[in-house]
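Residues per chain, in single letters:
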Amino acid sequence: MRSLLLTALTTVLLTNLAAGEGSPDPTGNSKTSSGSTSGVDTIAFQNVGFTGYYYDVEKILKPTSKDCSCTLSDSFTVFEGTNAPLNEELSIHFRGPLSLKLFGAYTADDSSTGTWDRISHYNAESQTSTNVTFLTHAGEASTCLGSALTYASSNGTGYADSSTILESNNLINSNEEFIIFSDLECPESGADNSCGVYRSGIPAYHGFSGTTKMFLFEFEMPEANVTLEYYYDMPAIWFLNAKIPRTSQYGSDASCSCWNSGCGEIDVFEVMNSSTTDQLYSTIHDYQGSGDINNGMQADGYFSRDTSSTMKGGVVFGTDGTISIFMLDNLEISDSLEASSVTSWISLDDEVVDALSSVTMNTSSTASKKSNGVIGFEQSWATTLISVMFLFLMYF
């Protein structure tokens, strides 16, 4: 009865917070658009990073059985600092209709000075790559975990026995997806190991970590030519905490992923609904920007989707806690880039700026350890009331 009442209260209050809320899975698809009326060249999230926590998956039980289930850790994983939790390892996700031409990942000591050094790259035309592993969800299906990760075949969506480079003609259709990880393999699954607990039998690789990092893309998002019921003509490029796809990205059990407790997602170029397929939105999904992780903090602005030619753009995770997402026709994806050049790409001339609130969650040993990632900080009257009612129903 207590849980039913809490569920009802939560549903009503979050409905008032954000109309159009959808299913809580990390698909890269937010549920509502901001209603902005013009496209921009740059979107910036400022003041990114806070002290908080989430819950890691501790056990995956009977993954191939109809009785499949997971348990989250009793203790939380604390994160803090600039860009946290997005300073942790990230995997990069691509949903069709999309074709990837060029990709580069970079790091720098300071985003404002010096040089950005490329640590990973992919070139479709030359069929070359470094420090890149392409994975997809072509593995065994599980009732609680969804389909397992496998190596992606050269078309991006089929199964492969080993790491395979994407072919030059790599257009994927609506609702098809491939993922980029680094080429550094994870140690064995385990709560105390660097990749944490992950699904058995998958090719497990590290993502891309660090406070200061940059990812550049050259890609196409043509109009869909294959009709599908789900995510038809809704392409996207987004990032997840790399722990999520290694356990369960599209599962039915929220305890099989750290996503719901706030381990981190950022959508950089995303068509959000079928009525605005010419608009690409950017959203952060954690508990700094919003008490509602499903809708997250969506930027006030969008990028115009060009369905007839190549687009170029990227995302810079700055040393100062600014995450800048941009489109640029003359973008370079070379071995190294001067910080001054990158700074000019993300200038304020045509930019939408969204500042995140300063938040500190209670990470002390006496904090309430409930796996919803909300209790411990104040976002609005609604989330505060939810927390109060939760505690009341738990203890009275």
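Keep in mind it's a predicted model, so treat the numbers as computed, not measured.

### Structural notes on the nonpolar core
- With 46 residues, the main nonpolar core has Phe217 and Phe269 as its most contacted residues.
- Grouped together as the second largest cluster of nonpolar side chains are 27 residues, Leu72, Cys258, Tyr287 and Met361 included.

### A look at empty space enclosed by the protein
- For the structure shown, the criterion picks out 2 cavities of 30 Å³ or more.
- The space that makes up the largest cavity amounts to roughly 70 Å³.
- Lining the largest cavity are 14 residues, with His137, Ser147, Arg199, Pro245 and Thr247 positioned closest to its centre.
- Within the residue set of the lining of the largest cavity, elements represented by two or more residues are strand 12 (146-147) and helix 2 (243-247).
- Of the residues forming the lining of the largest cavity, the biggest block, 3 residues, is contributed by helix 2.
- Here the residues of the lining of the largest cavity sort into 6 nonpolar, 6 polar and 2 charged.

### A short note on the pattern of salt bridges
- Considering all chains together, one arrives at 5 salt bridges under this definition.
- Put simply, glutamate 89 and arginine 246 hold a salt bridge, and the shortest N to O gap is 3.9 Å. Taken together, the residues glutamate 89 in the loop between strand 5 (77-79) and strand 6 (90-95) and arginine 246 in helix 2 connect sequence positions 157 residues apart.
- The partner of aspartate 233 in a salt bridge is arginine 305, and the shortest N-O contact between them spans 2.8 Å. Residue aspartate 233 is located in the loop between strand 16 (213-220) and strand 17 (236-241), and its partner arginine 305 is located in the loop between strand 21 (303-304) and strand 22 (311-317); the two are separated by 72 residues in the primary sequence. Considered together, aspartate 233 and arginine 305 belong to a single accessibility category, that of buried residues.

### Describing the state of the cysteines
- Enumeration according to the criterion identifies 4 disulfides in this entry.
- Each sulfur of the disulfide joining cysteine 68 and cysteine 144 lies 1.7 Å from the other. With cysteine 68 in the loop between strand 3 (57-61) and strand 4 (69-72) and cysteine 144 in the loop between strand 11 (141-142) and strand 12, this pair connects stretches of sequence that are 76 residues apart. Both residues of the pair, cysteine 68 and cysteine 144, belong to the buried class.
- Across a sulfur-sulfur distance of 2.2 Å, cysteine 258 and cysteine 263 are joined as a disulfide pair. The disulfide joining cysteine 258 to cysteine 263 has a torsion of about 75° about its S-S bond and is therefore right-handed.
- You can call cysteine 263 buried: its relative accessible area is 0%.
- Cysteine pairing in the chain follows 1-3, 2-6, 4-5, 7-8, where each cysteine in a disulfide is numbered by its order in the sequence.

The rules we used
Residues numbered from 1 in each chain as written. Predicted model: local features only at pLDDT ≥ 70, side-chain atom pairs only at ≥ 80, totals over all residues. Heavy atoms only, no water. Core = buried A, V, L, I, M, F, W, Y, C linked by side-chain atoms within 4.5 Å. Buried < 20%, exposed > 50% of the residue type's maximum accessible area, 1.4 Å probe, protein only. 1 Å grid on protein atoms, 1.4 Å probe; cavity = no way out; pocket = protein on both sides within 12 Å on 5 of 7 lines; lining within 4 Å. Points joined across faces, edges and corners; volume = space filled by probe spheres on them. Helix = DSSP H or I, 4+ residues; strand = E, 2+ residues; numbered from the N terminus. Nonpolar A, V, L, I, M, F, W, Y, C, P; charged D, E, K, R; others polar. Salt bridge = Lys/Arg side-chain N within 4 Å of Asp/Glu carboxyl O. Disulfide = S-S within 2.5 Å.

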